[in-house]
Structures are given as C-alpha cells and as structure tokens.
Amino acid sequence: MMEGRSKVRLWVSTGLCLLVYAFSQTPLSAHSFPDHSEPRVGAAVTAPTSVRIWFDSAIEPAFSTIVVHDGAGQRVDNGDGHVGSLDWTLLEVGIPLLPAGTYRVIWSVVGQHGHRTNGDYTFTIK
Amino acid sequence: MKHKLVELNRHVLTTIDPAGKEALFRKRHFRLLPSILFALLHTAVLVVLLLSIPVSSWAHGMAGERFFPSTLATDDPFVSDEFSLLFSHIKEPGEGDNPPTKTTEFPFEFSKRITPNLGISIGDSFRYLSPQGSKNVSGMSNMEVGLKYQFLTSAAHEVILSAGVSTEVGGTGAQRVGADTFSVLSPAFFFGKGFGDLPESLKYLKPFAITGVVGPNFPTRSKNISTTIDPDTGEISQNIDRNPTTLTWGFSIQYNLNYLQSFVRDIGLGAPFNRMIALVEFPLQTCVSRGCGGQVTGFVNPGLVWFGKSMQLGLEAQIPINDRTGKSVGVLGIVHFFIDDLFPKSIGRPIFP
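Residues numbered from 1 in each chain as written. Chains lettered and ligands numbered in written order. Predicted model: local features only at pLDDT ≥ 70, side-chain atom pairs only at ≥ 80, totals over all residues. Heavy atoms only, no water.

I'm lost on the packing of aromatic side chains in this one. Help?
How two aromatic rings sit relative to each other is given by the distance of their centres and the angle of their planes. Residues and elements named next belong to chain B. Going through the model one piece at a time under the given rule, you end up with 13 aromatic pairs over all chains. Ring centres of Phe67 and Phe338 lie 6.0 Å apart, and the angle between their planes is 90 degrees; this geometry places the pair in the edge-to-face category. Pair noted here: Phe67 is in strand β3 (residues 66–67) and Phe338 is in strand β18 (residues 330–338), with a separation of 271 residues, a long-range link. By the burial criterion, Phe67 is buried, and Phe338 matches it. Across from the ring centre of Phe190, 4.4 Å away, lies the NZ or CZ of Lys148, which sits over that ring. When the ring centre of Phe195 is taken as origin, the NZ or CZ atom of Lys193, which lies over that ring, is 5.2 Å away. (Phe/Tyr/Trp six-rings, centres within 6.5 Å; stacked < 30°, edge-to-face > 60°. Helix = DSSP H or I, 4+ residues; strand = E, 2+ residues; numbered from the N terminus. Buried < 20%, exposed > 50% of the residue type's maximum accessible area, 1.4 Å probe, protein only. Lys NZ or Arg CZ within 6 Å of the ring centre and 35° of its normal.)

Following this line, the structure appears as structure tokens:
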C-alpha cells in the first residue's frame, strides 16, 4: 500500500505543476451568459426601438450576432446587430416600429476565450 | 468520483475443526503493484497536460441553451476540464463489529479532456473517521481513475449521453479509513436532458432538467478472508467478508433559475439567485449478489448550486432513504472550478482537437 505521506506529496506536486503551467499561459476568462436585456425576457412592452442584451463578460464583435423574428419566423430587425463600441458586454440591434404580437430574439455570441453560447427568448409588443 | 455510499458486506464466521484443519495459504498481496500504477498514472497525467497543441475550446456541460452543472453526489453526463473539491459529513450506522462512525470526507477530482468528447478523470479523498467508542483515524482513501466518452449532444433537445468506466484502485489508500485492498471496476451510462423543447404553453417547466447515471460495480475480489487462532484452544476461525456486486443508479432533478431568467421570463431575480439551480439528487445503490440481493441504500439530497464565471458552489443535505443507509442527515458541499474557462489556452483545452 502506498504510504499516505508519499501519496499526498505526489498529489501536491502534481497540483503545483498544473498551477504553474496554467498561470503561465493566459489571464482568467469565462463563459458569456446573458445578464439582462431590454425588452426583458418574456416581457410585454410598447414600441421598442431596439433589442439589447448585456452579457456577464465581454464578447467578440466579429463572431456575435443578434436577429429578431416575428411570429411567422420572418426576420424583422434593421440588420444592424453589433457589439457596443464602448461596452463589449452589450449586444444590440435596431428594430422598426412593429405591430402588436410576439417576437423572438435569437442571439449567438463568442466569448473572448473562444467559447460559443447561444440562445433565444420572446417578448411581446402590446 | 462522488460521495461514497454505504457499502453492504455480509460478515460470515466459520470454524474449522482443529483435527481436520487444512493448510491455510496466505495469498501474497502484491502491495507494490498499486504504488507503481499510481506513480505511472501520475507521470502520465503530467506528460499529457504539458503537451501544447493549439486547439479550439468547447463549452463544458452545454447542450444548446442548457447548462448542466456539476452535480455533487451523482456523476454528470459531460466531459470537461474541471477540478472539484468536495466536503461531506455524516454519521454512518454501525454494522456488525463496526460501531456508528462520524465520517468527514474531502474528495477531490481533476477531469481533463483528451479530445472534445473523450475525457479522463483522476481523484482521491481524505477521510477523517470518528468511530463511537474508539480512537479517531484519518488517511487517504483509494485513488479513482475514470474514462468517459460523450457520444451524443443534441442542442435542439438539450440532451447529452455518455458512457464510461471508472476504477477504484485497490491498495492505494489507507486500510484504517476503509480503503479496500481490492479494486472495483465500474462501467456506466450517463444521461442529461433539459426540457427547453417543451411547448410554450408549458414554458415555466422549461428550466427543468434531469441527469442520471446507471452502472454496475464489480469488485476484483469476491471476498476477503481473515483467520484468527484462539490462543487457548488453538481453534482456527475464518472470517469471510463478502464483496458484493452492486448497481449504482442515481439521478438529479434540476430547476435552473438562470435558464428561467434568460430564456423564459425575466422575473426580476438579482444576484446571486439569477445564477442558481435548485436541485434534488438521488444517489442510490442496489446490492445484487453474494447474499444481499435487492437491498437498496442511498440518499435524497436537496440542495442549491450557484455558478459563476469560472467556478461553481453547491450545498446539499444528505437524507438517508432507509435505516440501512443511516438515521442521520448529513451535509455535502462542493467548490468546483471550470478549468476550461479559467485557463482556456493551457490546461483548459482538449489535448487533441
């Protein structure tokens, strides 16, 4: 049976090697999950002019998209989806004056670490 | 590696007639083998991790919009780069000559992706035992190694399916804390299913998900035989502890508040609740051989998980399902690090794309 102390030494040495290697390469990074949005998820609103989603970490402008579809699946946004120039956690797209109904926001983002997350939600225009 | 369940052993005492006593053989136990194996595995892990091959990163535990957290008592269905530190405390019931024992355990596990869908894990545990009426003992448990292959991921239906095998390597831990000298081989099937594909009329059920694991546990030795000789009569007694085959079957039911806020309805939850998952785990085990067939032990573990940008915290109560498992409620906690988020360009990426 392996001596307990020898085993602990092996685990500690392995852990230290991992930490040294890990920290030598890159700063910390994270998944990008939505934090809040306007209109809010599932909300009923009046005459919005844009859809904005704030994420919990910065996202890559070149690889992040946002579109808005109506109830028939037709795209209805202005086609100007972009990441905020001053705030890289913000993804937004302009929308024209839309009739009452339920609309679906479809987004896809890549975090600065390279991880892609995507999702969709609905809101209603009264 | 997850929290160990109470194991069943049938203790049988037999007596051999001194006049017809047989020559008893002591099996030579190759104590060197587990040490060599441990050292080889340790070296292999270091070599593998130091390979620097640029590959893309894949998000852990994600199927479409569904994030599956690392569960505490049942193994989750995905492969990933992660490190878990757990804490467990419970009073285990006495059995036979073994008194009731307060058991405090600190398991830890490191998981590493070899390819985006194939991962290995290695773990161990420090145990502190306080037997009733006896001295406290502590020490390391047996090491566990595992291999898992995630063979199906469906974004549309939020499904993850995996298969794998893990081994508790006998002889790598301290017998004084219950580490066995034999190994246990455990093939298993893992699944995860989120309910985001439910119709809109059931939208408030969409944040629900279930995960689970099922698989047998085969000990490499069917029984442990120990002998004692009465110094007065010379009578030889043989103690036989049977090592039964068991079936692990566990599952969790989860309700993801972040999923609710992000994809169903923003109900105004602020931090930390908007990053929480309420869950109940059911780690269960059925003894299927060697005189204990059909006996079930396990727990119901209600709890909460909070996940941040690079780590996850969790806390659960451990409620025994029957007296055979125990009569005391325990506690289980986890600090879990998403290595692929923390170090995406080094140890947090698959070794081979």
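Still more ground to cover, so stick around.
What should I look at first to understand the side chain of Asn258 of chain B in this one?
Tracing the chain through its elements places Asn258 of chain B in helix α2 (residues 257–264). Exposure remark for Asn258 of chain B: the relative accessible area of 5% places this residue in the buried category. Beyond its immediate stretch of four places on either side in the chain, Asn258 of chain B contacts Phe33 and Pro34 of chain A together with Asn274, Arg275, Met276 and Phe307 of chain B. (Contact = heavy atoms within 4.5 Å.)

What's the story with the sheet that holds strand β7 (residues 101–110) of chain A in this structure? I'm lost.
Strand pairing in a sheet relies on backbone hydrogen bonds. The paired strands run either parallel or antiparallel. Strand order in this open sheet of 4 strands is β2-β8-β7-β4 (chain A), and the pairing throughout is mixed. Sheet topology places β2 (44–45) and β4 (65–69) of chain A at the edges, where each strand pairs with a single neighbour. Examined bridge by bridge, β7 of chain A and strand β8 (residues 116–125) of chain A share 10 bridges and lie antiparallel to one another. Within β8 of chain A, the position partnered with Val110 of chain A by the bridge is Arg116 of chain A. Here α2 of chain B sits on the sheet in contact with β7 and β8 of chain A, set at roughly 55 degrees to β8 of chain A. (Pairing = 2+ DSSP bridges. Axes fitted to C-alpha atoms, helices over the stretch in contact; angles between N-to-C directions.)

Is there a simple way to think about the sheet that holds strand β5 (residues 82–83) of chain A in this case?
Residues and elements named next belong to chain A. With antiparallel pairing, the 4 strands of this open sheet are ordered in space as β1-β3-β6-β5. Edge positions in the open sheet fall to β1 (34–38) and β5, since each of these has one partner strand only. Bridge analysis of strand β3 (residues 50–55) against strand β6 (residues 90–94) gives 5 bridges, and the strand direction is antiparallel. By the bridge assignment for β6, Val51 is matched with Val93.

What is the right way to look at the confidence of the model for chain B in this model?
Fine structural detail should not be taken from predicted coordinates in areas where pLDDT scores are low. Residues and elements named next belong to chain B. Looking at chain B as a whole, the pLDDT averages 85, with 83% of positions reaching at least 70. Mean pLDDT values for the elements of chain B range from 33 in strand β1 (residues 11–16) up to 98 in strand β10 (residues 184–194). Scored below 50 in pLDDT, residues 1–33 shows 79 contacts in the model against residues more than four places distant or in partner chains. Reported confidences for the modelled complex are a pTM of 0.82 and an ipTM of 0.84. (pLDDT = per-residue confidence, 0-100.)

How should I be thinking about unusual backbone geometry in this particular structure?
Residues other than glycine predominantly adopt negative phi, and peptide bonds predominantly adopt the trans conformation. Following Glu38 of chain A, the chain continues into Pro39 of chain A via a peptide bond in cis, with omega recorded as -10 degrees. With respect to the helices and strands, Pro39 of chain A occurs in the loop between β1 and β2. Cis geometry marks the peptide bond from Ala271 of chain B to Pro272 of chain B, where omega comes out at 0 degrees. The topology assignment puts Pro272 of chain B in the loop between α2 and β15 (276–287). Even without being a glycine, Ala47 of chain A presents a positive backbone phi close to 45 degrees. Note that Ala47 of chain A resides in the loop between β2 and β3. Unlike most non-glycine residues, Glu158 of chain B shows phi in positive territory, near 55 degrees. With respect to the secondary-structure elements, Glu158 of chain B resides in the loop between β8 (143–154) and β9 (159–169).

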